[in-house]
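Each chain, written out:
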Amino acid sequence: MKRLDDSFRKLEKFPTKVIQFGEGNFLRAFIDWQIHQMNKQGLFKGGVKIVQPLAKGMTKNLDQQDDLYTVLLEGVLNGKKYQSHEVIESVNGTVRPYENYAEYLKLAEDDNIEVIFSNTTEAGIAFDENDKLSDQPQNSYPGKLTALLYHRFELGKKGFHIIPCELINHNGDQLKKIVLQYAELWKLGEKFVDWINNDNKFYSTLVDRIVPGYPRDRAADLEKEWGYLDQMMVKTEPFLIFVLEGSQAINDVLPLKEAGINFVVTDDMQPYRNRKVSILNGPHTTMSPIARLAGIETVGEVMKDKDFYKFVNDEMYQEIIPTVALPEKELADYAEGIKERFENPYVKHQLSSIALNSISKFTARLLPTLKRYVAKNQELPKRIVLALAAYLKIYRGQADFEPSDTAEVLAAFKKIAGDENYVHEALSNSDFWGEDLTQISGLEALVNKYLTEIDQKGTRAIVERINAE
Ligand SMILES: NC(=O)c1ccc[n+]([C@@H]2O[C@H](COP(=O)([O-])OP(=O)(O)OC[C@H]3O[C@@H](n4cnc5c(N)ncnc54)[C@H](O)[C@@H]3O)[C@@H](O)[C@H]2O)c1
Ligand SMILES: O=P(O)(O)OC[C@@H](O)[C@@H](O)[C@H](O)[C@H](O)CO
């Protein structure tokens, strides 16, 4: 069978206007897909050069198919079923700084390039004090970026719009802060710092699209159906939201909105972040321990089970939405969309993968809601507390499966697992939760009660009872 090659292109190859750090599934199904949508409508007329941020990666595989790949879009959005595939033509080429650093630095010389995107995972936006300007390349992504920016500055050229998509809060501010740290460490001078501050714009973003990646189980069948080989195909849900904090002028640079994409430019993205973290990630973090203890394996199975569906729905509407400071109708529409995404029949989202590092996830994704709920109602949100009790059972080593967390967290739980005051010891450990949870009135007693009930009857019985209350 034929591989993808340039003969599959339907659009002309546009000049490179974007540098993208990262060749991962998410960026290919999110940023490069969006650029392709703009190009199809003649709105952007620009291509992407992908920089592989690590020594090892997938860019050679992409080059082997002339930088083309297929996005398989499957799911339900606003009640409409989507099942389509499209060859994405927005990638113009790839650059590997570990193999050819000169070619990497040369990107700074291209006047057509206006925008830099990145997604190097949450670990990527980090300062490495051992990085040097003379390294070829620097170890960290911000180190590599600073070297590129400095070369651009020395050539007297204009700066960039720098748009990180890593899932950390204030990602743009964080990245800029580290670039300025390198400017100081490498003594790049006041003028460079002024150029960073005045000629470049760093934006903070929130990205949301579930991208399960390469559809391993169906790839061979899909290739047969499409009539070509594609080792870089990527599967995604149809939903996306791309929130960017900054001035509306970015719409002139990136006419995403005009292309019909759900691109939101705002001067404060925190409400969008709170909404996503509490209404999407919150229920994920709640259902994962409770449903796994009841023998359920995926988010889709949770949504198909009438008891668990009601439990999740009630958590969204009774415990979470009333605590988020946005118009209720908007939140309800968002919640309905999330339920549709959780029900996506094409995505098998494992509860075990959501469970990775659950203690920090509970702290970031559920604890703020629990505290806001208590402040508002002077009582505890039962469903979130049941999740906490279920986690304590799992982390005590009393489930049919192991908890997966950092070595420190696992060791700390191991130390207290045999303690007769286990619940008190666990809840009062501020290293887990950032604070002493026994200070929240009634929490320790309710967790103890739920733990006893879980031992006696299992989580499903408690879910049924809470549903009936
Ligand atoms: N897949 C999703 O559904 C989804 C949705 C929203 C956000 N995200 C987030 O996007 C990120 C990437 O996800 P993906 O599915 O594309 O993963 P992936 O494994 O396909 O790609 C990871 C990319 O990050 C780069 N990378 C990894 N560690 C790095 C480091 N220390 N420094 C620099 N670069 C590094 C790799 O080179 C690669 O380009 C994750 O952090 C994930 O949480 C994923
Ligand atoms: O990716 P994690 O492990 O941080 O969190 C698990 C899920 O809640 C998460 O992947 C969501 O599906 C995603 O955040 C949707 O955009």
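Residues numbered from 1 in each chain as written. Chains lettered and ligands numbered in written order. Predicted model: local features only at pLDDT ≥ 70, side-chain atom pairs only at ≥ 80, totals over all residues. Heavy atoms only, no water.

Looking at an unreviewed UniProt entry, one finds the protein chain named Altronate oxidoreductase, with Liquorilactobacillus nagelii as its source organism. The Catalytic activity (unreviewed entry) field of the UniProt record for the protein chain holds the comment "D-mannitol 1-phosphate + NAD(+) = beta-D-fructose 6-phosphate + NADH + H(+)". (UniProt positions renumbered as here; feature names shortened; annotations may be inferred.)

With respect to the site of ligand 1
Taken together, the neighbourhood of ligand 1 is formed by 16 residues, with Glu23, Phe26, Asn119, Glu122 and Val211 sitting nearest. With respect to ligand 1, the side chain of glutamate 23 contributes an N or O atom lying 2.7 Å from an oxygen atom. The fraction of the free accessible surface of ligand 1 (840 Å²) that becomes covered by protein chains is 71%. Classifying every residue of the shell around ligand 1 by side-chain character gives six nonpolar, seven polar and three charged. (Near = heavy atom within 4 Å. Polar contact = N/O pair within 3.5 Å; in protein donor to acceptor, adjacent residues only side chain to side chain. Areas by Shrake-Rupley, 256 points an atom, 1.4 Å probe, with all protein chains shown as cover. Nonpolar A, V, L, I, M, F, W, Y, C, P; charged D, E, K, R; others polar.)

A few points about the UniProt feature "domain: Mannitol dehydrogenase N-terminal" (unreviewed entry) in the protein chain
Following the UniProt record, the feature "domain: Mannitol dehydrogenase N-terminal" (unreviewed entry) maps to residues 17-254 here. Helix makes up 32% of residues 17-254 and strand 24%. Its end C-alpha atoms lie 10 Å apart. (Helix = DSSP H or I, 4+ residues; strand = E, 2+ residues; numbered from the N terminus.)

Some words on the environment of tyrosine 69
Tracing the backbone through its elements, the reader meets tyrosine 69 in strand E4 (residues 69-77). The spatial distance from the C-alpha of tyrosine 69 to the C-alpha of phenylalanine 311 is 40 Å, given a sequence separation of 242 residues. Excluding residues within four positions of it along the chain, tyrosine 69 makes contact with Leu4, Arg28, Asp32, Trp33, Leu62, Glu86, Val87, Ile88, Val91, Asp230, Met232 and Val234. (Contact = heavy atoms within 4.5 Å.)

As for the domain arrangement of the protein chain
Taken domain by domain, the protein chain comprises domain 1 (2-266) and domain 2 (270-468). Once you take the C-alpha centre of each, domain 1 and domain 2 turn out to be 34 Å apart. On the side of domain 2, 13 residues touch domain 1, which itself brings 27 residues to the contact. Taken over both partners, the interface formed by domain 1 and domain 2 buries close to 1700 Å², and the fraction arising from carbon and sulfur atoms is 55%. (Domains from an automatic or database assignment. Buried area = accessible area lost by both parts, 1.4 Å probe.)

Overview of the pairing of strand E10 (residues 204-208)
Counting buried positions over the five residues of E10 gives five, a clear majority of the element. By the bridge criterion, five bridges tie E10 to strand E13 (residues 241-245) in an arrangement that is antiparallel. Among the inter-strand pairings, leucine 206 is bridged to a residue of E13, identified as valine 243. (Buried < 20%, exposed > 50% of the residue type's maximum accessible area, 1.4 Å probe, protein only. Pairing = 2+ DSSP bridges.)

Some remarks on the site of ligand 2
For ligand 2, the full set of nearby residues is Asp208, Arg209, Ile210, Lys276, Leu280, Asn281, His284, His349, Lys361 and Arg365. Within the side chain of aspartate 208, one N or O atom sits 2.7 Å away from an oxygen atom of ligand 2. One nitrogen or oxygen atom from the side chain of lysine 361 is found 2.8 Å from an oxygen atom belonging to ligand 2. Of all the secondary-structure elements, those providing two or more residues to the shell around ligand 2 are helix H10 (270-293) and helix H15 (358-365). At four residues, the largest contribution of residues to the shell around ligand 2 is made by H10. Along the lines of polarity and charge, the residues of the shell around ligand 2 split into two nonpolar, three polar and five charged.

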